[in-house]
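# Coordinate inspection notes
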Amino acid sequence: MTGVTSRLPPGAAGGEDADRPGPLIGRDAEIARLRGLVEPIPRHSEVLIVFGEAGIGKSALLADTARRARSAGMRVLSVSGRETETALGFTGLHQLLRPLLDRVDRLPNRQSSALLGTLGLVEAPSGPSRLLAGIAVLTLLSDVAEETPLLLVVEDAHWLDRSSLDALAFTASRLDSEQIVLLLGTRGAAPPRGFDRGFPELQLRPLPDAAAGQLLDAQPSPPRGRGRRQVLDQAAGNPMALIELSKVIATDPAAGRHWELEPLPLTSRLTSAIASRFTMLPAAVQRALLIAAIADGTNGDVAAMDLSGLGPEALASAEQLGLITVDTTGVRFSHPLVRSAVYHSVPFADRAAVHRQVAAALHEQPERRAWHLATATAGTDDQVASLLEAAAAHAQRRGDAAAGVLALERAAELTPGSDERARRLGAAATAAIATGDANWIDDLATRAAAATRDPELRVRARRAAGWSLVWSNQQQAALAALTAVAAEASATFPMVAWESLAVAAAVAYQSGDADALRVVAERLHLLQQVARPAEPAQQRDADALRLWIEVSIGRCHDQPRALRRLATVAEETSAAHLLYRAGSAAWLLDEPELAMDLLHRSRATVRNPGQGTGAAASQVPRNGAPSAGGGSLAALGWVYIDAGRWDDALSFAAEADAFQADIISATAGLITATVQALRGESSASGSGVPAKGDAAPAVSPEHGRLLAARAWHAQGIAALSAGDYLTAYSQLRHLFADDGTPLHHHVAYLGVADLAAASVRAERQADGREILERVHARLPDCLSSRVAQLLSRARAILADPESQGAEFDKALADCDGKRWPFERAQLQLEYAEWLRRHRRINEAKPILSAALETFSELRARPWAQRSEAELRACGVAVQESAVPDALWKLTAQQRQIVYLAARGHSNRDIADRLFLSPRTVSSHLYRSFPKLGVAGRNQLRDVIDRAGQQPDAGTSRAKLPAWRASAVKIPIPLAAQPGKHDPCDYLFHCVKQLHPHGVPGCRRVADPVRGE
Ligand SMILES: Nc1ncnc2c1ncn2[C@@H]1O[C@H](COP(=O)(O)OP(=O)(O)O)[C@@H](O)[C@H]1O
Ligand SMILES: [Mg+2]
């Protein structure tokens, strides 16, 4: 230990030999609350945010808690946000996890590479994913806490870089049973970014008068008389002010008079008190402290190197003044205010010189180096601006969009030429689109436009501003702005025009509003006349965007041709935004495989911008078009639902939910709600409305008709699943107006068969027929094969008794319907019900068995139960589900964990798939066992088998359901009569028997569209 005076603040709470300050005065309740979190060692995780102004005593309390935690046997990890590092992505997280980095390679592979990639420690091969890095942090901490419970202390969280805060907020929201306590200290009244979701809070108020007096009395030379009153008045219960101002009065009893004459905010008063002590130091020591203030937190070598001229003895004077503490790990400021007082009390030129000196020592760390040089620059400097631009590209490659934008923004400020500055601001605005932060985009775009008269830069800036309106959910304004840009740019900058119209089309698709669709259609017409890029590559890009626009506004008149073009795009392009638009178009055209392929590639390219565009690695692409990562996640969520991979859909929704923009998280909520509705997991039984806590979709009118239609459909399915048919009918009826106009030009049609089924079951058959007729009368002139399939199913459901069988046969004969497994199984179930009613039992059985298999694979329990009941009615001895109710008493998450455990997955595997910590998985399992009446995981398989449910994640790779494997009384499909009902079914099942894992290298037998 160095000879530090005992009343110095502890500095970083986690410092191994944190100083022992005197007892804390007047904070009994706060101390009790904080100590209660760590003593006794907690059984569950806890988060607490401690608020309060500078000097109020946050660090002192956190340090006290850390000491208690250590003596109770917990391990303490800590990090302090630093004012100078807020722009450097993931520095905070790196600092926090540094002691654990040697354990990262024990994480599941994809997690460890994502985390190391995010921290910039390795080049991540596929580009790091924010969500994966978040789950890696959670798993790592959970692993460590398994051995020794953990206290994490985040000091000065208001200065932590945003990427680290995002990652920590992600972790915090998933903490559960890991025995991890996370404490954050932060200034101001608002929680740090990402922590605004209702975490417990503790607001530190000023010390009461009596306690303030006590604190003064504990000082080495307590002020007396008038000076005492002046200190108490000025300090207003702030402990640091009480301590510091007493020191001032002790050396200059007249100081109090100046305070009364010249009122100053408390922080300024404190800063100037500290600065005046700093300036009393010898010049060499001042310089050493300045170096420490600037190099602090970079790497130890820099500080050590630069301070080497001065031994610890030379710094003793500064220690004695209480400005710093020195120990074996280096120099620490006693309070962040000391650091900023030191920094700001020297002239700019001196600070700049030290920044340059530090930068010179940082050649291994180009991002930090660039920032130091930038801070040393008054005015402009193109060379430094270029370095920052390169740093931005580096950050973007790491998947850290926000750090990239900050660097570009500063680069622009440093840029001498106004056009070049506008370009960088424009690039920052475009890059900011990926952060979803509307105000930021708008601010950057406005500044870009103001900085230049260059028409191209201005029109690009206006396009970015259009995006900011999209993210802030001002859809009408966004549409107006983007279509205006499209028109204006059409002749001169055709690609900007096409890109803007593509975004406008997305807005129009979202809104589903007829006027919006018409405006986009008009602009499309204009662009087709005039917006012709000169280069062939650009023509191809424009063509891809045109396809998306046509499809999204329902103006694609030749779908097979459009699909062929999309397939070409898939081969020729690698630009993220084109892949995203093309993938979305494929999805709207109901081509799930192609959509998945394109959307996945788009995601991979977003994360690796340098690779896809072929742009020089150090440069942000000059004309880079924006790509919105959140949109492709949401699209993937829907595609995976359609393709019958519901658990994967849930994963995408979880990832999309972490995206900032409101519209994306609303969509993510709907995806989750839809899967829950399909599985009968929403507590919607009565109302058909997914209840709160069941990811109730937060859809408001301004989200547009798209989400409204999705929400009605999900609620309708929830009610159908629950057997509440009247509710189902009334919910689904919202999908069409009385005259048959769809609520949304695309999505409404996806509910048409469910509407028909609900109308029959709710005994509203006549109404159902009438509305279906009107829907038919207003059908768009081209339909995807999926919609055609749904319409023909609806027709069959509502057909006259004489023609019903034929209608069902017709619907089933369309092999394409198999690409939507759930819808196909619904059709099979409905047909089989009809067959049984007509006493064609033997024909019904194999069809029912196929439906049941699909429903079981998807874990669509209500539908599986309906199929089982139907099978029993056919005289098939379907084993009675022994414990389904017990299984159903678990939460949706517990049930998912039980299914995966029953399949033999380890807790780590399960945690990795479900984005939970291994510890949480094990505690859920542990809590599920008694409810299921089992003693261990080896019995889970039995439980699941008895429940007749497939413990699978919903892929078609599942084995036969248990009832078929054991009590098979039903002819399996090989025994079905070929060609009798459904030749496709027959073939399909034969192939599946032979190749349960799919036919190698073959996705579909015949593809009428691509003509394979
Ligand atoms: N309740 C208290 N009793 C005695 N000293 C205190 C108390 N609260 C804070 N201090 C002292 O006041 C100074 C500032 O406190 P600190 O915890 O660093 O504030 P913050 O972290 O809120 O900026 C430190 O020297 C600290 O030891
Ligand atoms: Mg503090």
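Here the residue numbering is sequential within each chain, running from 1 through the sequence in written order. Whichever chain is written first is A, and whichever ligand is written first is 1; the rest continue in order. Predicted model: local features are reported for residues with pLDDT of at least 70 only, side-chain atom pairs are reported and counted for 80 or more only, and whole-chain, interface and lining totals are derived from all residues. Here the side-chain values reflect all heavy atoms present in the structure, with hydrogen atoms and water set aside.

What follows concerns the overall build of the protein chain. The secondary structure content of the protein chain amounts to 49 helices and 7 strands. Buried, partly exposed and exposed residues are distinguished by accessible area as a fraction of the type maximum, computed with a 1.4 Å probe on protein chains only: under 20%, between the cut-offs, and over 50%, respectively. Each of the 1012 residues in the protein chain was classed as buried or not, and the buried ones make up 59%. Excluding contacts between residues fewer than 6 apart, the proportion of contacts in the protein chain whose partners are at least 24 apart in sequence is 71%. Entry remark: accessible area of the protein chain is about 39,300 Å², with carbon and sulfur atoms responsible for 52%. Under the DSSP-based scheme used, a helix requires at least four consecutive residues in state H or I and a strand at least two consecutive residues in state E, with every element numbered from the N terminus. Note on definitions: a residue-residue contact is assigned when non-hydrogen atoms from the two residues lie within 4.5 Å. Computed by Shrake-Rupley with a 1.4 Å probe, the accessible areas treat only the displayed protein chains as cover when residues are assessed.

Looking at where L798 falls in the secondary structure, it is placed in helix α38 (residues 785-798). On the accessibility criterion, L798 (4% relative accessible area) is buried. Along the chain, L798 and A766 lie 32 residues apart, while their C-alpha atoms are 8.8 Å from each other. Dropping the residues within four chain positions of it, L798 is found in contact with A756, S759, V760, Q765, G768, R769 and L772.

For the rest of this paragraph, the subject is the packing of aromatic side chains. Working definition: an aromatic ring pair is given by the centre-to-centre distance plus the angle between the planes. When two rings of Phe, Tyr or Trp (its six-membered ring) have centres within 6.5 Å they constitute a pair, described as stacked for plane angles under 30 degrees, edge-to-face for angles over 60, and tilted for the intermediate range. Under the definition given, this model contains 11 aromatic pairs. An aromatic cluster of at least three residues, connected via ring pairs, comprises W646, F822, F855 and W863.

The subject of this paragraph is the pairing of strand β7 (residues 330-333). Two faces make up the sheet, and in a regular strand the side chains alternate between them. Here the rule is simple: two strands pair whenever DSSP picks up at least two bridges between them. Two elements, strand β6 (residues 324-327) and β7, share 4 bridges in a ladder whose sense is antiparallel. Directly across from T325, in β7, lies its bridge partner R332. Here β6 folds back onto β7, and the loop between the two strands holds 2 residues.

All right, on to empty space enclosed by the protein then. Rolling a probe over the atoms, with the probe sized like a water molecule, indicates the empty space that remains. Buriedness for pockets is judged along seven lines, at least five of which must meet protein on both sides within 12 Å for an open set on the 1 Å grid over protein atoms alone, while cavities are sets there where a 1.4 Å probe fits but cannot get out, and lining residues have an atom within 4 Å of a point. Grid points are joined across faces, edges and corners, and a volume is the space filled by probe spheres set on the points. Across all of its chains, the model carries 9 cavities of 30 Å³ or more by this definition. There is about 430 Å³ of room inside the largest cavity. Taken together, 25 residues form the lining of the largest cavity, with A506, Q510, Y580, G631 and I664 sitting closest to its centre. Counting residues per element, the ones that place at least two in the lining of the largest cavity are α22 (455-471), α24 (494-511), α28 (576-588), α31 (629-642), α33 (662-678) and α34 (704-721). At 5 residues, the largest contribution of residues to the lining of the largest cavity is made by α24. Grouping the constituent residues of the lining of the largest cavity by class yields 18 nonpolar, 5 polar and 2 charged. Its volume calculated, the second largest cavity comes out at about 250 Å³. The wall of the second largest cavity is formed by 19 residues, among which I641, D642, H713, R786 and E823 lie closest to the centre. Each residue receives one of three labels: charged for Asp, Glu, Lys and Arg, nonpolar for Ala, Val, Leu, Ile, Met, Phe, Trp, Tyr, Cys and Pro, and polar for the others, Gly being one of them.

Salt bridge, as used here, is a side-chain nitrogen of Lys or Arg placed within 4 Å of a carboxyl oxygen of Asp or Glu. What the rule picks out here adds up to 55 salt bridges. A salt bridge links E244 to K247; the nearest nitrogen and oxygen atoms lie 3.5 Å apart. Remark: K247 and E244 occur in helix α9 (residues 239-251); sequence separation between them is 3 residues, near one turn of the helix. Note on E244: relative accessible area 7%, which makes it buried. Of the charged contacts in the structure, one is a salt bridge between D739 and R778, with a shortest N-O distance of 3.6 Å. A residue pair is termed long-range when its members are at least 10 positions apart, and D739 in the loop between α35 (725-733) and α36 (752-761) and R778 in the loop between α37 (765-777) and α38 qualify at 39 residues.

With that out of the way, let us pick up the environment of K247. Take K247: its relative accessible area is 31%, and that puts it in the partly exposed class. For the pair K247 and V231, spaced 16 residues apart in the sequence, the C-alpha separation amounts to 10.0 Å. Discounting chain neighbours no more than four positions away, the residues touching K247 are R277 and L321.

A few words now on the packing of α22 against α24. Helix axes are fitted to C-alpha atoms over the stretch in contact, other axes to C-alpha atoms as well, and angles between N-to-C directions run from 0 to 180 degrees. Put simply, α22 and α24 touch, their axes get as near as 10 Å, and they point 10° apart. As judged from the angle between their axes, α22 and α24 are roughly parallel. Taken together, the residues of α24 that come into contact with α22 (itself represented by V459, R460, R463, W467 and V470) are V496, E499, S500, V503 and V507. In terms of residue class, the contact of α22 with α24 is built from 6 nonpolar, 1 polar and 3 charged. Orientation is classified from the angle alone, with under 35 degrees giving roughly parallel, over 145 giving roughly antiparallel, 65 to 115 giving roughly perpendicular, and any other angle giving oblique.

On to the site of ligand 1. Near is defined per residue: the residue qualifies when any heavy atom it owns lies within 4 Å of the molecule or strand. Lining the immediate environment of ligand 1, one finds 17 residues, of which G55, K58, S59, A60 and H335 sit closest. The definition of a polar contact used here is a pair of N or O atoms within 3.5 Å, where within protein one atom must be able to donate a hydrogen and the other to accept one, and adjacent residues in sequence count solely through side-chain atom pairs. Taking G57, its main chain carries an N or O atom lying 3.0 Å from an oxygen atom of ligand 1. In the model, an oxygen atom of ligand 1 is placed 2.7 Å from a nitrogen or oxygen of the A60 main chain. Protein burial of ligand 1: of its 550 Å² of free accessible surface, 94% is covered by the chains.

Let's shift gears to unusual backbone geometry. With omega at -5°, the peptide bond leading from E39 into P40 counts as cis. Positioned with a positive phi, E763 is a non-glycine residue whose angle comes to about 55°. Along the chain, E763 turns up in the loop between α36 and α37.

Right, let's get into helix α11 (residues 266-278). Here the expected length of a helix is defined as 1.5 Å per residue gap, with one fewer gap than residues. The terminal C-alpha atoms of α11 lie 18 Å apart, and with 13 residues this matches the ideal 18 Å at 1.5 Å per residue to within 8%. All of the buried residues in α11 are L266, R269, L270, A273, I274, A275, R277 and F278. In this structure, the buried side of α11 is in contact with α8 (225-235), α9, α10 (255-261), α12 (283-295) and α15 (336-344).

On to the nonpolar core. The criterion is simple. A nonpolar core is a set of buried Ala, Val, Leu, Ile, Met, Phe, Trp, Tyr and Cys residues joined through side-chain atoms within 4.5 Å. W471, V520, I549, I553, L566, F736 and F855 are the most contacted members of the largest nonpolar core, which has 180 residues in total. Residue contributions to this core peak at 13 residues, all from α24. Ignoring anything within four residues of it in the chain, the contact list for I553 reads A505, A508, L517, V520, A521, L524 and H745. One finds L215, L245, F278 and V342 within the second-largest nonpolar core, a separate group that totals 48 residues.

What holds strands together in a sheet is hydrogen bonding between their backbones, with the strands either parallel or antiparallel. The strand order β2-β3-β4-β1-β5 describes an open sheet built from 5 strands, whose pairing is parallel. Each end of this open sheet is capped by a strand with a single partner; those strands are β2 (75-80) and β5 (201-203). Averaged over all adjacent pairs, the angle separating strand axes in this sheet is 15°, with direction ignored. Alignment of strand β1 (residues 46-51) against strand β4 (residues 180-186), held across 6 bridges, turns out to be parallel. Its bridge partner being in β4, L48 is matched across the sheet by L183.

The next thing to look at is the packing of α36 against α38. Their axes nearest at 7 Å, the elements α36 and α38 cross at an angle of 10°. When the axis of α36 is compared with that of α38, the two are roughly parallel. In the packing of α36 onto α38, the handedness of the crossing is left-handed. Facing α36, whose interface residues are V752, A753, D754, A756, A757, S759 and V760, α38 presents L790, L791, R793, A794, I797 and L798. Taken together, the residues that form the contact of α36 with α38 break down as 10 nonpolar, 1 polar and 2 charged. Two helices cross in a left-handed way if the nearer one is turned anticlockwise from the farther one by less than a right angle. They cross in a right-handed way if the turn is clockwise.

For helix α46 (residues 918-932), built from 15 residues, the straight-helix expectation of 21 Å at 1.5 Å per residue is met to within 8% by its first-to-last C-alpha distance of 21 Å. Regarding α46, the residues found buried are P918, T920, V921, S923, H924, L925, S928, F929 and L932. One or two residues past the end of α46 sits G933, with phi positive at roughly 70°.

Along the polypeptide, E499 turns up in helix α24. Its relative accessible area of 10% is what places E499 among the buried residues. Polar contacts involving the side chain of E499 include one to the side chain of R463, which spans 2.4 Å.

Glancing now at the confidence of the model for the protein chain. Averaged over every residue, the pLDDT of the protein chain is 82; residues scoring 70 or more account for 83%. pLDDT measures the predictor's confidence residue by residue and takes values from 0 up to 100. Considering only residues more than four positions removed or in separate chains, one finds that residues 1-19, a stretch of pLDDT under 50, has 49 contacts. In this model, residues 608-628 is a region of pLDDT below 50 whose contacts with residues beyond four sequence positions or in other chains number 47 contacts.

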